[in-house]
Amino acid sequence: MQQHLSSIQASRLLGVSRSTVKRMCDEGTLAVVRTPGGHRRIAGDSIRRWMNDRSDTNAFSQPGPKRRTSVLAVERVVDMLIRGHSIDLADAIVRRWCSVPRNGADDVFASARSLAEIMDQTVAPALWEVGSRWESGRFCVYQEHECTATLCDALSMVKQQMRTGPMLSMTESSGHRSSTAINDKPDDQIHAVGCAVGDEQHDVASKMIELVLTAAGMTTRSLGAALPVDSLQAAINDYCPQIVWVTYTCVQQPDSVVQINDRLFSSLRPGQRLVVGGQALTQSLRRQMRFHFAGDSLCHLLDYLVDLR
Ligand code: B12
């Protein structure tokens, strides 16, 4: 567990709103410290205790009395990342995803949402924990790199299985395999492209978005990390996607982010939507940017896409 989390991270982990997190801090349910700028940082241990008290289940939990809590599940993912067990991780994600009950699965986004929850509540927090170990000197840089590589391998395997494995029949039988989730364009239409743009080297979130949108029946392309904005514009011209996503994990030059974003937004064609998100997208940055949607999680993104339908 990361030593201290922001209220956004805590809200995602706990599955409650940010205002609930604030209330829990004010009531003393969660232990909080303040940054010099006055922002709340919530102690990981107090989150762990609260979750254990509720005996919450999550993504990788097993049914029955010995079930794991969310926190343990995050730790289990961290363990798989550290050991380089990408196949096990892909398998755990797929098994958990397939085991989520679907009520008729008539909603094209229902299945994708459960995958998004796994990513938001378990996989992303596992990587935050890796980052926190690096930050506190418990991990060398190479270990952080190995963990990231393991996760990326696992995400690729899940995507591969989505195309060829058990999840194909799952989505086909539920009637939302086709790429017509958003509109009636033919199969080779790319519905969504996105990446980490400019100086941004963090592209794991982009890979997760690709996976989740693919699960929602969309044809997607994640274009990687540190993509020059010209190149993203070229891809948008070539593919004519309806959705363009950009992820911001570590903003070093806010002015340049605002400029890049402005260029992208101005070059969109009618009907195209720019969606942005990521842990570096502060409120003050958002106020300076133009976009159609900004979200804090993959579940938020899916909610927005559902509203678009
Ligand atoms: C892996 C990693 C790297 C890898 C990235 C490899 C890769 N291919 O992505 C490498 C080694 C390259 C790297 C480099 C650096 N990193 Co780094 N890195 C991380 C680490 C451990 C994980 C990042 C990650 O992928 N998280 C998982 C993603 C999925 O989580 P997420 O970003 O929160 O995304 C979720 C939401 O935000 C949302 N979301 C994200 N994008 C979008 C988009 C849309 C449209 C929507 C709706 C939602 C959404 O959904 C996601 C799922 O819930 C983090 C630790 C952390 N706390 O995250 C540090 C971290 C981000 N890195 C950090 C730093 C400082 C750096 C470096 C500057 C280090 C250095 N001195 O060189 C460089 C510079 C990078 C740059 N210029 O961009 C800091 C950033 C601090 C800050 N406040 O900005 C962090 C937080 C580590 C730390 N604790 O200090 N890093």
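What counts, and where the lines are drawn
- Residues numbered from 1 in each chain as written.
- Predicted model: local features only at pLDDT ≥ 70, side-chain atom pairs only at ≥ 80, totals over all residues.
- Heavy atoms only, no water.
- 1 Å grid on protein atoms, 1.4 Å probe; cavity = no way out; pocket = protein on both sides within 12 Å on 5 of 7 lines; lining within 4 Å.
- Points joined across faces, edges and corners; volume = space filled by probe spheres on them.
- Nonpolar A, V, L, I, M, F, W, Y, C, P; charged D, E, K, R; others polar.
- Near = heavy atom within 4 Å.
- Polar contact = N/O pair within 3.5 Å; in protein donor to acceptor, adjacent residues only side chain to side chain.
- Helix = DSSP H or I, 4+ residues; strand = E, 2+ residues; numbered from the N terminus.
- Pairing = 2+ DSSP bridges.
- Axes fitted to C-alpha atoms, helices over the stretch in contact; angles between N-to-C directions.
- Contact = heavy atoms within 4.5 Å.
- Buried < 20%, exposed > 50% of the residue type's maximum accessible area, 1.4 Å probe, protein only.
- pLDDT = per-residue confidence, 0-100.
- Donors = N, O, S within 2.8 Å, 3.2 Å for Na, K, Ca; no water.
- Expected span 1.5 Å × (residues − 1).
- Arc of directions from axis to C-beta.

J.: How should empty space enclosed by the protein be read in this particular structure?
T.: It is a probe the size of a water molecule, rolled over the atoms, that shows where empty space is left. The tally for this structure, following the rule as stated, stands at two cavities of 30 Å³ or more. If you add up the space inside the largest cavity, you get close to 100 Å³. The wall of the largest cavity is formed by V197, G198, D199, E200, Y248, C250, V251, Q252, Q253, S256, V257 and I260. For the lining of the largest cavity, a count of residues per class yields six nonpolar, four polar and two charged.

J.: Help me understand the site of the ligand, please; the structure alone is not making it clear to me.
T.: Residues in contact with the ligand amount to 35 residues; listed here are only the nearest, D120, Q201, H202, D203 and T247. A distance of 3.2 Å separates a nitrogen atom of the ligand from a polar atom in the side chain of Q252. For the shell around the ligand, the secondary-structure elements that each account for two or more residues are helix 6 (110–135), helix 7 (141–164), helix 9 (204–215), strand 6 (243–247), strand 7 (273–277) and helix 13 (298–308). The dominant element in the shell around the ligand, judged by the number of residues it contributes, is helix 6, at seven residues.

J.: I keep staring at the sheet that holds strand 4 (residues 192–195) and nothing clicks. Help me out?
T.: Where strands meet in a sheet, backbone hydrogen bonds hold them as pairs that are either parallel or antiparallel. Across the sheet, five strands lie side by side as 5-4-6-7-8; this open sheet has parallel pairing. Two strands lie at the open edges of the sheet, namely strand 5 (220–222) and strand 8 (293–295), each paired on one side alone. Direction aside, neighbouring strands of the sheet carry axes that sit 15° apart on average. Where strand 4 meets strand 5, three bridges bridge the pair, whose relative direction is parallel. Residue A192 lies in a different strand from strand 5, and its bridge partner there is T220. The strands that helix 9 touches are strand 4, strand 5 and strand 6; relative to strand 5, the one it contacts most, it runs at about 170°.

J.: Looking at this structure, how should I read the side chain of D120?
T.: Its place among the elements puts D120 in helix 6. The exposure class of D120 is buried, given its relative accessible area of 5%. At 3.0 Å, the side chain of D120 forms a polar contact with the backbone nitrogen of C299. With residues near it in sequence (within four places) discarded, D120 still touches R12, P125, S297, L298 and C299.

J.: Sorry, what's going on with the confidence of the model for the protein chain here?
T.: Detail in the predicted coordinates should be disregarded across regions flagged by low pLDDT. For the protein chain, per-residue confidence averages 82 on the pLDDT scale, and residues scoring 70 or more make up 81% of the total. Within the protein chain, helix 8 (residues 166–173) has the poorest average pLDDT of any element, 46, and strand 6 the best, 98. A low-confidence stretch, residues 168–186 (pLDDT under 50), is modelled with 38 contacts involving residues beyond four sequence positions or located in other chains.

J.: Which parts of the structure should I look at to understand the coordination of the cobalt atom of the ligand?
T.: Octahedral metals with six donors have ideal donor angles of 90 or 180 degrees. Tetrahedral metals with four donors have an ideal donor angle of 109.5 degrees. Among protein atoms, the single one acting as a donor to the cobalt atom of the ligand is H202 (NE2), 2.3 Å away. In this structure, H202 sits in the loop between strand 4 and helix 9.

J.: Before we go on, may I ask you to explain helix 11 (residues 254–267) in this structure?
T.: Residues separated by three or four positions in an α-helix point in the same direction, a consequence of the helix having 3.6 residues per turn. Its 14 residues give helix 11 an end-to-end C-alpha distance of 20 Å, which sits within 8% of 20 Å, the value for a rise of 1.5 Å per residue. Within helix 11, burial applies to V257, V258, I260, N261, L264 and F265. All buried residues of helix 11 lie within an arc of 165° about the axis, which places them on one face of the element. Facing away from the buried side of helix 11 by over 90 degrees, the exposed positions are D255 and Q259. Those residues of helix 11 hidden inside the fold are in contact with helix 10 (229–239), strand 6, strand 7 and helix 12 (283–288).

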